[in-house]
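Geometric and topological summary
If you want the building blocks of each chain, they are given just below.
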Amino acid sequence: MKQYQICTRCIMDTSDPEITFDENGVCNHCHNFDVNIKPTWRPDETGKEMLEKIVEKIKRESQKNEYEAIIGLSGGVDSSYLAYVAVKQLGLRVLPVHIDGGWNSEIAVRNIENVCKSLGLDLHTYVVDWDEMNDLQAAFVRSGLANLDVPQDHAFYAGVYKFAADNNIRYVLSGSNWATEGILPPAWGYMAKDRRHLEGVHERFGKMKLKTFPRISMLERKLYYPYIKGIKVVTVLDYMPYNKQDAMKVLETLGWRYYGGKHFESRFTKFFQAYYLPTKFGYDKRRAHLSSLVVSGQMTREQALAEMETEQYQPDELREDREYVLRKLDMSEEEFEAILKAPNRTFRDYPSSHEYLEVFRKIRSFFRKFM
Ligand SMILES: [Zn+2]
């Protein structure tokens, strides 16, 4: 067992099994942020100019379209604020697309309605087939993997791309951002974008056939959508100063309300992040999220440490959510208890496109040297 250590700059610690520290006790995530992320993160004048050029291009290329871009709207801080920026600051004609995976909290539903109404936006909602979603999620719970949000996230991602392609909309605005998501240890969970992984886990633990569940393969993601369909994803919030607290204040003027934690707009995600992951794996995603806010200068290390001391669940609420989640997944208490005690798995125990992606990454970095 490694000795406990916590970064002297952010609050990442040895609960990330792959963490390393330099001689000053600064972790690899902080260094990765400085070396690989900071150069692409532009919360300054250059970002503003770059974004202006991108917006001009979007407008020029989408003149004939009813909508210039779509936004995947979850009702969370990032996507809601993105909708606000797109309309009020960039003057874009955007269509929010909401992929309903069946786990929206009541607050999330109201947030989506209020944001769209206040900004005068239409809303397209795609409802994922609940039986298929349920079967996939139960399969992931049974797999013993750390990332149980793969089915939800995959459906959101694939659904938005598919909608853009079907409707000839070439721009997808994404709320992903370095300012609040710069740190996330790969060891804490494999990515959701890998269709092979999604289907591999489902084949092993699922009970029904997937028919309509939105899926996206590596080839579609890397080649078909970007090069054949010409769809571009723009991470708008990386081109401006993005401060979570300030964003929430703006959103409250639109009738939006906070739901108590990153990605807690989904009741499943709250249970998974605030209970399953810390209990079974000892991973607390707040640590990564708060570390991101520390390295991007939105919070001090001391504030982040204090925040870690707060409880994410009151006992009654945890009992309620646990019952709710298990009932929805049609899983007994006994089975779930056994899953919590069973050995932890990693994506390497199941099919995935990880190896191909590594090759792809190497080829790309090889060519980049000559460009
Ligand atoms: Zn660090």
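A brief report on the enclosed structure follows.

Conventions we followed
- Positions within a chain are numbered from 1, following the residues in the order the chain's sequence is written.
- With the structure being a predicted model, the display of local features is reserved for residues of pLDDT at least 70 and the display and counting of side-chain atom pairs for 80 or more, all residues being used for whole-chain, interface and lining totals.
- Excluded from the side-chain calculations are hydrogens and water; all other atoms, namely the structure's heavy atoms, are used.
- An axis is simply a line fitted to the C-alpha atoms; with a helix, the fit covers only the stretch in contact. Between two such axes, the angle follows the N-to-C directions and lies from 0 to 180 degrees.
- Helix and strand definitions here come from DSSP, where helices need a minimum of 4 consecutive H or I residues and strands a minimum of 2 consecutive E residues; each element is numbered from the N-terminal end.
- An angle counts as roughly parallel when it lies under 35 degrees, as roughly antiparallel when it exceeds 145, as roughly perpendicular when it falls between 65 and 115, and as oblique in every other case.
- Working rule for contacts: check all heavy atoms of both residues, and any pair within 4.5 Å makes them a contact.
- Residues are grouped as follows: nonpolar covers Ala, Val, Leu, Ile, Met, Phe, Trp, Tyr, Cys and Pro; charged covers Asp, Glu, Lys and Arg; every other residue, Gly included, is treated as polar.
- Burial classes: relative accessible area under 20% of the type maximum marks a residue as buried, over 50% as exposed, and values in between as partly exposed (1.4 Å probe, protein chains only).
- Here, a strand pair is defined by DSSP locating no fewer than two bridges between the strands.
- When the strands point away from the viewer, a crossover counts as right-handed if the route from the first strand across the helix to the second turns clockwise.

**Section: the packing of helix H11 (residues 267–281) against helix H15 (residues 333–341)**
- The geometry of H11 relative to H15 is characterised by a closest axis approach of 9 Å and an angle of 55 degrees between their N-to-C directions. When the interaxial angle is binned, H11 and H15 end up oblique. Across the interface between the two elements, Phe271, Tyr275, Tyr276 and Lys280 of H11 pack against Phe336, Ile339 and Leu340 of H15.
- Class assignment for the residues of the contact of H11 with H15 results in six nonpolar, no polar and one charged.

**Some points on the pairing of strand E2 (residues 94–100)**
- In terms of residue burial, E2 counts as a mostly covered element, since seven of its seven residues are buried.
- Burial along E2 is two-sided: the residues Val94, Pro96, His98 and Asp100 and Leu95, Val97 and Ile99 are all buried.
- With four bridges joining them, strand E1 (residues 69–72) and E2 adopt parallel strand pairing. In the strand pairing of E2, Gly72 is matched with Val97.
- Handedness of the β-α-β unit built from E1, helix H3 (residues 77–89) and E2 comes out right-handed.
- As paired strands, E2 and strand E3 (residues 124–127) are joined by four bridges and run parallel to one another. Directly across from Ile99, in E3, lies its bridge partner Tyr126.

**Focus: the sheet that holds strand E4 (residues 171–173)**
- Pairing is parallel across the open sheet formed by five strands, whose spatial order is E3-E2-E1-E4-E5. Strands at the two margins of the open sheet, each flanked by one partner only, are E3 and strand E5 (232–234). The sheet shows a mean angle of 30 degrees between the axes of neighbouring strands, direction not considered.
- Note: E1 against E4, two bridges, orientation parallel.

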